Protein chains: 2
Amino acid sequence: MQLSKGVEWAAHSVALMAALPQDAGLSREVLAEYHEVPAAYLAKHLQALSKAGIVTATRGAQGGYRLARAPSEISLWDITAAVDGVLPMFRCTEIRQKGPCALLASECKLACPIAAAFLAAEAAWRKSLASITIADIAVSITQSSSQAKLRRVMAWVQANQTRRD
Amino acid sequence: MQLSKGVEWAAHSVALMAALPQDAGLSREVLAEYHEVPAAYLAKHLQALSKAGIVTATRGAQGGYRLARAPSEISLWDITAAVDGVLPMFRCTEIRQKGPCALLASECKLACPIAAAFLAAEAAWRKSLASITIADIAVSITQSSSQAKLRRVMAWVQANQTRRD
């Protein structure tokens, strides 16, 4: 069971957008180039992020993607849900209502203990992802990066950003 | 991102085996009939459970599957890992080592903060599943079942079990 590769791309793209000055954006081509991923696939995930209200897309020559809200208001769960969806990992087919000893639907008002346990585990996973924001990630990246690396990224962002002045 | 359907089948099959008397087993056909699932697919998952040391398979006319260890020693994580594997959900392709501002591999001794956060969330999921055993599930099922349902299951198990006397 694996998350879409797009979750990694989207998380890194959103983290990079957190380094943008106000009113600046990054085009999908530039975001794809920075992460060395296919622009067409990344576009699909950027659209999902836009639909979820995580990023804003502006069209045109000066258009680009930027964050739609503060990095501290965007969690890794928000990004995961936008890109990979919110279907439960565990597929409960109400197996207890099948076979020779089947329960009636009316006897199944409470969740099956097996499904309930899997859902609880999934809630722990979501809660953990929801507790980490892009602001946290940006701080971690900054603290673990050399001055030279940070300068390189900021110079690249400045050279490649679109601006709506 | 979804777990294999086999995880549900395997968890229910293991829970049913917890109701077996000593030295009794259930054939894969009988387990498939009880849960109304395809015997050939269930067989694949039962083999995975056997390989993981969760169930024991005995061949022959009196053969069948039974638990290889106490229900309190089998967690939902054990079953999930056996059936669905232990690959991380989050696929880190070391995206930070790509593109125009790539880090060198030597600068990436610590996990990327994004990958680290996803791995922490995954650890919370595994820990939650590891904390629930088949003994817990059996108690929950018993406590939430009517006397009539439990009698029906026990009678069915008795009529369909194989015995090695």
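Everything discussed here concerns the structure shown above.
To keep things clear, this report deals only with the structure shown in the data block. (Residues numbered from 1 in each chain as written. Chains lettered and ligands numbered in written order. Predicted model: local features only at pLDDT ≥ 70, side-chain atom pairs only at ≥ 80, totals over all residues. Heavy atoms only, no water.)

### Quick word on the relation of the copies chain B and chain A
Selection rule: Residues below a pLDDT of 70 in either copy are left out; the C-alpha atoms of the rest, at least 70 in both, set the least-squares superposition of the copies. Only heavy atoms matter for contacts: two residues are in contact if any of them lie within 4.5 Å across the pair.
Structural alignment of chain B on chain A gives an RMSD of 0.0 Å, achieved by rotating through 180° and translating 0.0 Å along the axis. In short, the pair behaves as if placed about a two-fold rotation axis. It is Trp125(B) whose C-alpha, among those of chain B, lies nearest the rotation axis, at 2.5 Å. Looking at chain B, 100% of its interface residues are interface residues in chain A too, so the copies touch through the same face.

### Focus on helix α7 (residues 147-160) of chain A
In an α-helix, one full turn covers 3.6 residues, which means residues spaced three or four apart are oriented alike. Residue and element names in this part refer to chain A. Here is the rule: Think of it this way: any DSSP run of H or I at least four residues long counts as a helix, any run of E at least two long counts as a strand, and we number them from the N terminus. Helix span, expected: 1.5 Å multiplied by one less than the number of residues in the helix. Only protein chains enter the accessibility calculation, which uses a 1.4 Å probe; a residue is then buried when its area is under 20% of its type maximum, exposed when over 50%, and partly exposed in between. By construction, the arc corresponds to the directions joining the helix axis to the C-beta atoms.
Here α7 contains 14 residues, and its C-alpha end-to-end distance of 20 Å stays within 8% of the 20 Å for a straight helix at 1.5 Å per residue. Burial in α7 covers these residues: Lys149, Val153, Trp156 and Val157. In a view along the axis of α7, the buried residues occupy a sector of 100°, so they form one face of it. Structural note: α7 exposes Gln147, Arg151, Gln158 and Ala159 on the side pointing more than 90 degrees away from its buried face. The secondary structure elements touched by the buried residues of α7 are α1 (5-17) and α2 (28-35).

### Side note on the packing of aromatic side chains
All names here are of chain B. Using the following cut-off: Classification of ring pairs rests on two measures: the distance between centres of Phe, Tyr or Trp rings, Trp counted by its six-membered ring, which must be within 6.5 Å, and the angle between planes, read as stacked under 30 degrees, edge-to-face over 60 and tilted in between.
Scanning all chains against the criterion turns up 6 aromatic pairs over all chains. Plain terms: the ring middles of Trp77 and Trp125 are 5.7 Å apart, the flat faces sit at 75° to each other, and that makes the pair edge-to-face. With a gap of 48 residues between them, Trp77 in helix α4 (residues 76-84) and Trp125 in helix α5 (residues 113-130) connect regions that are remote in the sequence. Here the aromatic rings of Phe90 and Phe118 are separated by 4.2 Å at their centres, their planes lie at 10°, and the arrangement is stacked. Here Phe90, found in the loop between α4 and α5, pairs with Phe118, found in helix α5; they are 28 residues apart in sequence, far enough to count as distant.

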